[in-house]
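What the coordinates show
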Amino acid sequence: EQSVLNEAFADFLQVGDLRADQMTFINTIISYLSKNGTINKNMLYEPPFTDLNDQGISGVFDNDADLIKIIKIIDLVNDNAMIA
């Protein structure tokens, strides 16, 4: 499960020149997903995702392209979890 999640985000983590807070945010998503299997995207605007920035994901990722990529990865993981 964890390796699948790491793989899902790997391209994003490798390609993006992510800041420390962005890396932490992605790792928080990965750890949340590994515990819960899926994530409601509204959660990205609530604790623990507001620990780094009170705006949640929008505050940490101010680049819309990055934001869309993360949401697409989450959709993919959520869809796979529903099938499994």
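Residues numbered from 1 in each chain as written. Predicted model: local features only at pLDDT ≥ 70, side-chain atom pairs only at ≥ 80, totals over all residues. Heavy atoms only, no water.

1. What about the packing of helix α1 (residues 2-15) against helix α4 (residues 64-83)?
For any two helices packed against each other, the geometry comes down to the angle between their axes and how far apart the axes lie. Note the cut-off: Fitting a line to C-alpha atoms yields each axis, with helices limited to the stretch in contact; the angle taken between N-to-C directions then spans 0 to 180 degrees. Helix numbers and strand numbers start at the N terminus; a helix is a DSSP run of H or I with at least 4 residues, a strand a run of E with at least 2. Orientation categories follow fixed angle ranges, with anything under 35 degrees roughly parallel, anything over 145 roughly antiparallel, 65 to 115 roughly perpendicular, and all other angles oblique. In a left-handed crossing the near helix is turned counterclockwise from the far helix by less than a right angle, and in a right-handed crossing that turn is clockwise. The contact rule is simple, with two residues in contact once any of their heavy atoms fall within 4.5 Å. In this classification, Asp, Glu, Lys and Arg are treated as charged, Ala, Val, Leu, Ile, Met, Phe, Trp, Tyr, Cys and Pro as nonpolar, and every other residue, Gly included, as polar.
The interhelical angle for the contact between α1 and α4, taken along N-to-C directions, is 160 degrees, at an axis separation of 10 Å. Looking at the two axes, α1 sits roughly antiparallel to α4. Considering how the two elements wind past one another, α1 and α4 form a crossing that is right-handed. From α1, L5, A8, F9 and F12 reach across to α4, where they touch D66, K69, I70, I73, I74 and V77. A per-class count over the contact of α1 with α4 returns eight nonpolar, no polar and two charged.

2. Notes on α1
In an α-helix, one turn spans 3.6 residues; hence positions three or four apart end up facing the same way. To keep it simple, the criterion reads: Multiplying 1.5 Å by the residue count of a helix minus one yields the expected span of that helix.
Here α1 spans 20 Å end to end across 14 residues, near enough to the 20 Å set by a 1.5 Å rise per residue. Where the residues of α1 are buried, they touch α2 (20-36) and α4.

3. What to know about the confidence of the model for the protein chain
The line we're drawing: As a per-residue measure, pLDDT tells how confident the predictor is, with possible values from 0 to 100.
Model confidence for the protein chain is summarised by a mean pLDDT of 91, while 96% of its residues fall at 70 or above. Per-residue pLDDT, averaged within each element of the protein chain, yields its smallest value for α1 (84) and its largest for helix α3 (residues 57-60) (96).

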